[in-house]
There are 4 protein chains.
Amino acid sequence: MPPPQTVSKRARIPVGVLGATGTVGQRLVSLLDGHPWFELTAVMASERSAGAPYGEVVSWHLPGEVPAAAATLPVRAAAPDGSLPLLLSALTTEAAASLERPCAQAGSLVVSNASPHRMDADVPLVIPEVNPGHLALLQAQHLGSGGLVTNPNCSSIGVTLALAPLAQAFGVQAAHVVTMQAVSGAGLPGVPSLVALDNVLPLIPGEEDKLETEPARLLGTLVGSGRSARVEPAELRISAQCNRVAVTDGHLACISVQLARRVSEDAVAQAWNDWRAPADVAALPSAPARPVVLLPGDDSPQPRLHRDLAGGMAVSVGRLRPCPLLQHRFVALVHNTVRGAAGGALLLAELLAARGQVPGGWTPPGR
Amino acid sequence: MPPPQTVSKRARIPVGVLGATGTVGQRLVSLLDGHPWFELTAVMASERSAGAPYGEVVSWHLPGEVPAAAATLPVRAAAPDGSLPLLLSALTTEAAASLERPCAQAGSLVVSNASPHRMDADVPLVIPEVNPGHLALLQAQHLGSGGLVTNPNCSSIGVTLALAPLAQAFGVQAAHVVTMQAVSGAGLPGVPSLVALDNVLPLIPGEEDKLETEPARLLGTLVGSGRSARVEPAELRISAQCNRVAVTDGHLACISVQLARRVSEDAVAQAWNDWRAPADVAALPSAPARPVVLLPGDDSPQPRLHRDLAGGMAVSVGRLRPCPLLQHRFVALVHNTVRGAAGGALLLAELLAARGQVPGGWTPPGR
Amino acid sequence: MPPPQTVSKRARIPVGVLGATGTVGQRLVSLLDGHPWFELTAVMASERSAGAPYGEVVSWHLPGEVPAAAATLPVRAAAPDGSLPLLLSALTTEAAASLERPCAQAGSLVVSNASPHRMDADVPLVIPEVNPGHLALLQAQHLGSGGLVTNPNCSSIGVTLALAPLAQAFGVQAAHVVTMQAVSGAGLPGVPSLVALDNVLPLIPGEEDKLETEPARLLGTLVGSGRSARVEPAELRISAQCNRVAVTDGHLACISVQLARRVSEDAVAQAWNDWRAPADVAALPSAPARPVVLLPGDDSPQPRLHRDLAGGMAVSVGRLRPCPLLQHRFVALVHNTVRGAAGGALLLAELLAARGQVPGGWTPPGR
Amino acid sequence: MPPPQTVSKRARIPVGVLGATGTVGQRLVSLLDGHPWFELTAVMASERSAGAPYGEVVSWHLPGEVPAAAATLPVRAAAPDGSLPLLLSALTTEAAASLERPCAQAGSLVVSNASPHRMDADVPLVIPEVNPGHLALLQAQHLGSGGLVTNPNCSSIGVTLALAPLAQAFGVQAAHVVTMQAVSGAGLPGVPSLVALDNVLPLIPGEEDKLETEPARLLGTLVGSGRSARVEPAELRISAQCNRVAVTDGHLACISVQLARRVSEDAVAQAWNDWRAPADVAALPSAPARPVVLLPGDDSPQPRLHRDLAGGMAVSVGRLRPCPLLQHRFVALVHNTVRGAAGGALLLAELLAARGQVPGGWTPPGR
């Protein structure tokens, strides 16, 4: 770990990507290209890719070419390396379970998109616009100068962002969620085309459980402080049913919601329209002007038309109407590999950088 | 109308198809080919197709060729014609609203797949396995020797068949339904491919309303008799959200259900497995051996794999598990143009024929 | 028509879009948003849309929202209007046949994406990088101060751009082309989803004929001058077979080519890599840095990955290898609604503006 | 190997399937269910599946359920076993290369769908309707009482069946073929859905080479006899370009053909319409009434509408018209996993059984 005094105020913060060859890893590499605060200096993947230039190893599936700066970086075997102040992790579940805490213990701040540590009591699970205060949990970690912060599941991010304005304005007691999720969420090779074409797959292993537990934690309350800080989950019951549909990007969800008190549709619309991120979050490079956008029209949002709103960082909602069983129902859309994964993790890293929580005294250039 | 005494006991019953060139009309023509009881003798469509042979006019979209016997039938302008004892209607909503009652008044028994008359107090809305007794409403109609019977909406049929065994065994108080529906349900031209590809359309105009009202009528009770007979709808609240997905055939629904009493998952499975149609319905030519099939495996049913079960006449269910909000949840699948439309109407016509309710004394051959 | 002296050197050139509500019209409106030279001042469509604001009339199908400036423009019935110096036409074939010449005669310069006048002897059919000299045909038109210029068919543009470097370097005698075309090429409603899903449609009416005739004209030679100028088509035989596949945007073509002399694969690759637009074309706002891009990798180009290269304005080629029947074969990709339609027409309009051929003395701001 | 005298004339011939769990293996198991001549008695797959019942091991992807008789068969590790007179092989290329000759040497007649031995000088490569005489090559094999016969590549079968009537009537000198192939051809997991959706993949590794060489062998001439028999390939040059499209089943090909002499389109159509299989082939249980069917209509064949013609065993052709470069062009369609794989191999096995070439004196029941 470089001593703080060596850090130039004008240098960008060096960033490594763990699991750089997968679909989320590629999105991270793509989003880091030309980033004003971060400089991609290390791409890490499995042992067997190590040594070769990233551009030769990766099976690039995003539109356009591998960013030139990344293409020539030699791939390194994913391993703890304290010389990297910031690591964005797109590791598989298995690799994340074994590698992320050691990376943090070696002195890196790890911002992870993987699931194994999301519900750990000492690990912040954070959407910057929703619960930035939960980052205080970092003080409860015993990971030396490093740390571990997690980005929620892709569907959880979409649903929680749509619910957060309502939770803050009225309270949310229950939500019934049925998702129609894009195949990019399964990575590569992911869902075979013979399964996805002319079909719906009514099962996404493990997904419903995440979607039924993560939002309550995200909307929960930080209690205690310092080493005894912990998150009390919100009292929010969720029923989630997750389906895979023949869409490349964009998870759509039909949501019915029970609020803590009866309010009109207009009030719900107002809550969404008025909702903004805290000022320091709104000022981050990747922050959308409005995190939740209520679309007009009775057939919106649609994955192909609205997933790229605000560069894929805004969640769109629409079709707000009464529910005969709960109170209100609506449709929500999140770009699963941008806001729901790589972009969400990047925004989280930006928030940590802006708050001076990157080890080694690194701060955004010019600050 | 031919006098009864002229009817040979060995002749098949002459059938006309109204709206024969659309997607449901084509399915009807296809299912009638080689039917043991019915003989297709008239194909009727809009004025502008009249005169030409059916095979030249129809833009056939089903696998295989136009059935040879149908191909040479001259298309007739859809109009009342009492000489046809039985009419199967696949008319558009508008045409059905203006033509179906006149056709019945002219002396035909009209079995309709269209929506305008489904909720009329004097018109039976029937799924043969679920509420055959509602056909007694025919006595309340003032349509001379003719009559009008309706087949429910394609999604309503799937959802109601899945709920009927539970309603009969335990009572159903509420259901939360989110559908993922095939594009064939919109007919031709229907949904533009530019809208369907890489997308989900979160609106199907009019569909949610049908799905929230028809099942309660189908599961309702016939009260009174003769001319004062009417249907008391079941006390069943439904929330329906309908989406169009990139699937050719097969509507999938995620259903959460509140039963009148708490029962185990095993009891629900048992109710499905034990459920059979009444004996006279089960004996009909198009009746599936089991109207509802509980599939093993945790990723079933799937449209491409299971829509053709029992020739497309069986509804399949799966993924039964507890719901954190209501009591149970599961996935149901119906082939929307077979059981959900043409096949359902045909089964209804078969039931009417078996019960001797086709005008002119027509009965199935050999009976 | 405004007298030349009233034109400010700093004003953007007023542009009207004919057929503004269709898929190509929407792309034009989208590409004109924020254009440095052109200002969208009139949107014209069919009579029945006239009067209402564009944003209310159009069924917008592109990602994102209707550009704000366009949304409030009142839609006008498409009709000749000499007060508009420049008209970009995305009219249907029928409307174009009856309206485009009258619009030109009224004094507008019409740059059309429609097909009826493409092969007219006095109408330039132009790809700016390929045959800008053919614009001299304008002098052969008897359309007063107005004029009519046409943009080729979407597939013709892709194939001709791929062939042009080879034609210029070696001569091209014959090409065998099989296309796999996107559904956006058929507009809206276009191909029904029930036809496109899980299917290939081996017919695109009229398309093969265009693809077999337009490239020879585009690669032809301008002979004569002034009023007697005409285009001598190149001696180039093309066999075209056109298919519609389940792709939203991007026409892919498998091309086998017979050159006028035997050259190596390396020479062909070199010809593509060296090829650049004439300097004045290369300097246009919408011109791609390289009009034809040879991609590495043996499985490129692919519609989803490469259609947006250079904002959709570059044609990509790949899989160059010997052909056992002709000499070489390769795969080419063009974004059919950008370079193949709206973007191509816009580039053509930019070239005409840069050359001072817009009526009324209009030139690009600052020139 | 059972001595011939023990074989009952009324028993079905025992058949084993090698590679029974893959997509082609599943088709074989499905087609063998209820087969009049063959009885599936052994399912063989990789070592790790061995021991468990087939129904539990297989990830069944075909519509409907695993056939009941197959579901309870214990999976065996694929290995030579002379007690099985007939083996249908759907092994992977690697497994086929190492296992098929040993299986034949052990005394089984192996009918293989795999590619490694197709071009071996002593191995018949046969389409029953096209070149049944090539089975005489079996006498050139030194494989004891066993033998090895191969079924061509799925695309080669479609193209060769379409060309065979023309080759026999007029001679075929050259063919230019561009295919649009279904994803089922890649098996499972096969092409990732993220690659197939909204895309075309312009590369199928190894496919073009097969399609450029196999038809010439299939249309070739058997010369010599007994141990010196060999196949002289036809003089037929083919250019093949293979693409993967978002279709579940059915390979479509655009074919331009150069015949040995100039004939009219009508003559070509006549050649297809007149063509029939040799009588003994036409009498086989799986033989289609007509192996090649010329469809009317200018937009046929289409994968979704015509792949199941004759149960998937007929190749359909259409859109016959002149080619500006070669002589004629047309479109051909083959169901790749039925006629192009499992069904083709089964038909070949039936032919061998009918000709008495199954070891152990086995003949079809009743013969």
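Here is what the cut-offs are and how they apply
- Residues numbered from 1 in each chain as written.
- Chains lettered and ligands numbered in written order.
- Predicted model: local features only at pLDDT ≥ 70, side-chain atom pairs only at ≥ 80, totals over all residues.
- Heavy atoms only, no water.
- Helix = DSSP H or I, 4+ residues; strand = E, 2+ residues; numbered from the N terminus.
- Rg over C-alpha atoms; globule rule 2.2 N^0.38 Å.
- Buried < 20%, exposed > 50% of the residue type's maximum accessible area, 1.4 Å probe, protein only.
- Contact = heavy atoms within 4.5 Å.
- Areas by Shrake-Rupley, 256 points an atom, 1.4 Å probe, with all protein chains shown as cover.
- Buried area = accessible area lost by both parts, 1.4 Å probe.
- Salt bridge = Lys/Arg side-chain N within 4 Å of Asp/Glu carboxyl O.
- Polar contact = N/O pair within 3.5 Å; in protein donor to acceptor, adjacent residues only side chain to side chain.
- Nonpolar A, V, L, I, M, F, W, Y, C, P; charged D, E, K, R; others polar.
- Least-squares fit on C-alpha atoms with pLDDT ≥ 70 in both.
- Pairing = 2+ DSSP bridges.
- Axes fitted to C-alpha atoms, helices over the stretch in contact; angles between N-to-C directions.
- Domains from an automatic or database assignment.
- Right-handed = clockwise from strand over helix to strand, strands pointing away.
- Expected span 1.5 Å × (residues − 1).
- Phe/Tyr/Trp six-rings, centres within 6.5 Å; stacked < 30°, edge-to-face > 60°.

### Examining the overall build of chain A
Then, number 1: Summing up its helical and strand segments, chain A has eleven helices and 14 strands in all.
Then, number 2: Taking 21 Å as the expected radius of gyration for a compact globule of 367 residues, we find that chain A reaches 20 Å, a close match to that expectation.
Then, number 3: In terms of overall dimensions, chain A has a C-alpha envelope of 60 × 50 × 35 Å along the principal axes.
Then, number 4: In chain A, which comprises 367 residues, the proportion classed as buried is 64%.
Then, number 5: Long-range pairs, those at least 24 residues apart, make up 74% of the contacts in chain A with a sequence separation of at least 6.
Then, number 6: Split by element, the accessible area of chain A, about 11,900 Å² in all, is 52% carbon and sulfur.

### Observations regarding the interface of chain A and chain C
Where interface size is given, it is often the accessible area lost as the parts come together that is meant.
Then, number 1: Residue-level contacts link twelve residues of chain A with twelve residues of chain C.
Then, number 2: Across the interface of chain A and chain C, roughly 1,000 Å² is buried in total on both sides, 52% from carbon and sulfur atoms.
Then, number 3: Taken together, chain A and chain C are joined by zero salt bridges.
Then, number 4: On the surface where chain A and chain C come into contact, there are four residue pairs in polar contact (both at pLDDT 80 or more).
Then, number 5: Residues of the side of chain A that touches chain C, tallied by class, amount to five nonpolar, four polar and three charged.

### Describing the side chain of N131 of chain C
Residues and elements named next belong to chain C.
Then, number 1: Tracing the chain through its elements places N131 in the loop between β5 (109-112) and β6 (147-150).
Then, number 2: From its side chain, N131 meets the backbone oxygen of L125 in a polar contact 2.8 Å long.
Then, number 3: In contact with N131, other than residues within four places in its own chain, are L125, V126 and L218.

### A closer look at the relation of the copies chain A and chain C
Then, number 1: Expressed as a screw operation, the relation of chain A to chain C combines 0.0 Å of axial shift with a rotation of 180 degrees, fitting to an RMSD of 0.0 Å. Here the transformation between the copies is reduced to the relation of a two-fold axis. Taking C-alpha positions as the reference, the residue of chain A nearest the rotation axis is D198 of chain A, at 3.2 Å.

### A short note on the interface of chain D and chain C
Then, number 1: On the side of chain C, 48 residues touch chain D, which itself brings 48 residues to the contact.
Then, number 2: Carbon and sulfur atoms make up 55% of the surface buried where chain D meets chain C, a total of about 3,700 Å² over both sides.
Then, number 3: Looking at the side of chain D facing chain C, the largest losses of area belong to D198, P202 and L325 of chain D, adding up to 18% of the total buried there.
Then, number 4: If you look at where chain D meets chain C, you find eight salt bridges.

### Quick look at the sheet that holds strand β12 (residues 292-294) of chain D
Residue and element names in this part refer to chain D.
Then, number 1: Taking strand neighbours across the sheet as the criterion, the six strands line up as β10-β7-β11-β14-β13-β12 in an open arrangement whose pairing is mixed. The outermost strands of the open sheet, each flanked by one partner alone, are β10 (237-244) and β12. Each neighbouring strand pair of the sheet contributes to a mean axis angle of 20 degrees, computed without reference to strand direction.
Then, number 2: Sitting on the sheet, helix α8 (residues 265-274) touches β11 (251-259), β12, β13 (315-322) and β14 (328-334), and the angle it makes with β13 is about 170 degrees.

### Overview of the pattern of salt bridges
Should their charged atoms come close, side chains of opposite charge can pair.
Then, number 1: All told, the structure shown has 48 salt bridges over all chains when counted by the stated rule.
Then, number 2: Salt-bridge contacts for E212 of chain A lead to R329 of chain B; the nearest nitrogen and oxygen are separated by 3.0 Å. Of this pair, E212 of chain A sits in helix α7 (residues 207-218) while R329 of chain B sits in strand β14 (residues 328-334), which puts the two residues in different chains.
Then, number 3: A salt bridge links R321 of chain A to E208 of chain B, with the nearest nitrogen and oxygen atoms 3.1 Å apart. On the criterion of chain membership, the pair formed by R321 of chain A in strand β13 (residues 315-322) and E208 of chain B in helix α7 (residues 207-218) is interchain, its members lying in two chains.
Then, number 4: Relative accessible area serves as the criterion here: at 10%, E208 of chain B is assigned to the buried category.

### Quick notes on the domain arrangement of chain A
Residues and elements named next belong to chain A.
Then, number 1: Domain assignment breaks chain A into domain 1 (13-151 + 342-361) and domain 2 (154-335).
Then, number 2: Taking only C-alpha atoms into account, the centre of domain 1 sits 24 Å from that of domain 2.
Then, number 3: Between domain 1 and domain 2, the contact holds 36 residues from the first and 36 residues from the second.
Then, number 4: At the boundary of domain 1 with domain 2, the tally comes to three salt bridges.

### A word on the pairing of strand β1 (residues 13-18) of chain D
Residue and element names in this part refer to chain D.
Then, number 1: Burial within β1 is extensive, with six of its six residues counted as buried.
Then, number 2: Burial along β1 is two-sided: the face carrying I13, V15 and V17 and the face carrying P14, G16 and L18 are both buried.
Then, number 3: Between the parallel pair β1 and strand β2 (residues 38-45), the chain is carried across by helix α1 (residues 23-32), and the sense of this crossover is right-handed.
Then, number 4: Sheet topology places β1 next to strand β4 (residues 86-89); four bridges connect them, and they run parallel. Bridge pairing links V15 to L86 in β4.

### Focus: helix α5 (residues 154-169) of chain D
All names here are of chain D.
Then, number 1: When the terminal C-alpha atoms of α5 are compared, their 24 Å separation across 16 residues agrees well with the 22 Å that a helix rising 1.5 Å per residue should span.
Then, number 2: Burial runs high along α5: 13 of the 16 residues are buried.
Then, number 3: Capping the start of α5, N153 holds a side-chain oxygen 2.7 Å from the backbone nitrogen of S155, two or three residues further along.
Then, number 4: Downstream of α5 by a residue or two, G171 has a phi angle that is positive, lying close to 85 degrees.

### Here's the deal with the relation of the copies chain D and chain C
Then, number 1: Taken as rigid bodies, chain D and chain C are interconverted by a rotation of 180 degrees and an axial shift of 0.0 Å, the fit giving an RMSD of 0.0 Å.
Then, number 2: Of the interface residues in chain D, 100% have counterparts in chain C that sit at the interface too, so the contact is made through matching surfaces.

### Some thoughts on the packing of aromatic side chains
All names here are of chain A.
Then, number 1: Taken as a whole and assessed by the stated rule, the structure comprises four aromatic pairs over all chains.
Then, number 2: Their ring planes at 80 degrees and their centres at 4.8 Å tell us that W272 and F330 sit as a pair that is edge-to-face. Placement of the pair is W272 in helix α8 (residues 265-274) and F330 in strand β14 (residues 328-334), with a sequence separation of 58 residues. By the burial criterion, W272 is buried, and F330 matches it.

### Points about the sheet that holds β2 of chain D
Residues and elements named next belong to chain D.
Then, number 1: Overall, parallel pairing links the six strands, which are arranged β3-β2-β1-β4-β5-β6 in an open sheet. Edge positions in the sheet fall to β3 (75-77) and β6 (147-150), since each has one partner strand and no second. Taken pair by pair, the neighbouring strands of this sheet meet at an average axis angle of 30 degrees, ignoring direction.
Then, number 2: With six bridges connecting them, β1 and β2 associate as parallel partners. By the bridge assignment for β2, G16 is matched with A42.
Then, number 3: Each of β1, β2, β4, β5 (109-112) and β6 is contacted by helix α11 (residues 338-354), which is oriented at about 150 degrees to β5, the strand it contacts most.

### Some words on the environment of H61 of chain A
Then, number 1: For H61 of chain A, the location among the structural elements is in the loop between α2 (54-57) and α3 (68-71).
Then, number 2: Classification of H61 of chain A as buried rests on a relative accessible area of 9%.
Then, number 3: Considering only alpha carbons, one finds H61 of chain A and R27 of chain A, 34 residues apart in sequence, at a separation of 9.6 Å.
Then, number 4: Those residues in contact with H61 of chain A that sit more than four places away from it in its chain are T23, Q26 and L188 of chain A, R304 and L305 of chain C together with L194 of chain D.
Then, number 5: Only 2.8 Å separates the side chain of H61 of chain A from the side chain of Q26 of chain A, close enough to count as a polar contact.

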